[in-house]
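Chain residues, written in single-letter form:
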Amino acid sequence: MIPFDHYQARIDAVRAQHPDLPYPEVMLLRLVTHLARGIQEHIDALMHAHGLNSTAWSVLMSIYSAEHATDNPSRVSQAVCLSRPHMTRLTDELVAGGWVERVPSAVDRRSIDIRMTPEGIDRVRAIFPQIWQRYGELVPPAGGGDVAALAEKLRQWTRHMEQLPGADASRCNEVNK
């Protein structure tokens, strides 16, 4: 991962040419993007030992957290912002790995759902202590109140972005096609 100083220097170079650059906003958005990529790299490194990556982990968590550890692939792909082809390929890999299985939908007999296998559930539960430790390592020690306050501010920011025009969640799959 390239140190953030690199990006700050680039932003500063643009600012020198364009003094009207909304510096605090650009810096904040770049910091958030940099953090997200760094988090993904750390999760990928941990998941590699389990034959997964951060995207597969997100898919598994989406299914695991659903009622009866079963969900519709379209809903999962939308929740984790995957294109349909990518979701299909990832599901094939998770099925081959014994994490999930395809089952007829209980709601619509024409469609297929994805359900965690008992082995998949056990394997996910075995990963929890490792991933939770990694989450703790990724958040700087600041005391519970500071982390909770930051999380609330980020929730407010998320709600704000969700209200902006063009933030329709269904567009996620269109963008990734």
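Placed above this text is the structure.
In what follows, the accompanying structure is described.

Rules used in this analysis
- Residues numbered from 1 in each chain as written.
- Predicted model: local features only at pLDDT ≥ 70, side-chain atom pairs only at ≥ 80, totals over all residues.
- Heavy atoms only, no water.
- Helix = DSSP H or I, 4+ residues; strand = E, 2+ residues; numbered from the N terminus.
- Polar contact = N/O pair within 3.5 Å; in protein donor to acceptor, adjacent residues only side chain to side chain.
- Contact = heavy atoms within 4.5 Å.
- Expected span 1.5 Å × (residues − 1).
- Bend = angle between axes of the 7 residues up to and from the residue.
- Axes fitted to C-alpha atoms, helices over the stretch in contact; angles between N-to-C directions.
- Parallel < 35°, antiparallel > 145°, perpendicular 65-115°, else oblique.
- Left-handed = near helix turned anticlockwise from the far one by under 90°.
- Nonpolar A, V, L, I, M, F, W, Y, C, P; charged D, E, K, R; others polar.

1. What about the side chain of Asp71?
And step 1. Checked against the element boundaries, Asp71 lands in strand β1 (residues 70-71).
And step 2. A polar contact is formed between the side chain of Asp71 and the side chain of Arg75, at a distance of 2.6 Å.
And step 3. The residues touching Asp71, leaving out its near neighbours within four places in the chain, are Ser62, Ile63, Ala66, Val76, Asp113 and Ile114.

2. Quick look at helix α6 (residues 118-138)
And step 1. Look at α6: 30 Å from first C-alpha to last across 21 residues, which is about the 30 Å you get at 1.5 Å a residue.
And step 2. At Phe128, α6 shows its maximal kink, close to 40°; a proline, Pro129, follows between one and four residues later.
And step 3. At its buried positions, α6 is contacted by α2 (23-48), α3 (54-64) and β3 (112-116).

3. Focus: the packing of α3 against α6
A pair of packed helices is characterised by two quantities: the angle between their axes and the separation of those axes.
And step 1. As a packed pair, α3 and α6 sit with axes 12 Å apart at the nearest point and diverge in direction by 120°. Between α3 and α6, the angle falls in the class oblique. Here α3 runs over α6; the crossing is left-handed. Two secondary-structure elements touch here, α3 through Trp57, Leu60, Met61 and Tyr64 and α6 through Ile121, Val124, Arg125, Ile127, Phe128, Ile131 and Tyr135.
And step 2. Here the contact of α3 with α6 is composed, by residue class, of 10 nonpolar, no polar and 1 charged.

4. So, the packing of α2 against α6
And step 1. Running from N to C, α2 and α6 point in directions that differ by 155°, and their axes come no closer than 11 Å. Relative to α6, α2 is oriented roughly antiparallel. For the crossing formed where α2 meets α6, the hand is right-handed. Across the interface between the two elements, Ile39, His42, Ile43, Leu46 and Met47 of α2 pack against Ile127, Gln130, Ile131, Arg134, Tyr135 and Leu138 of α6.

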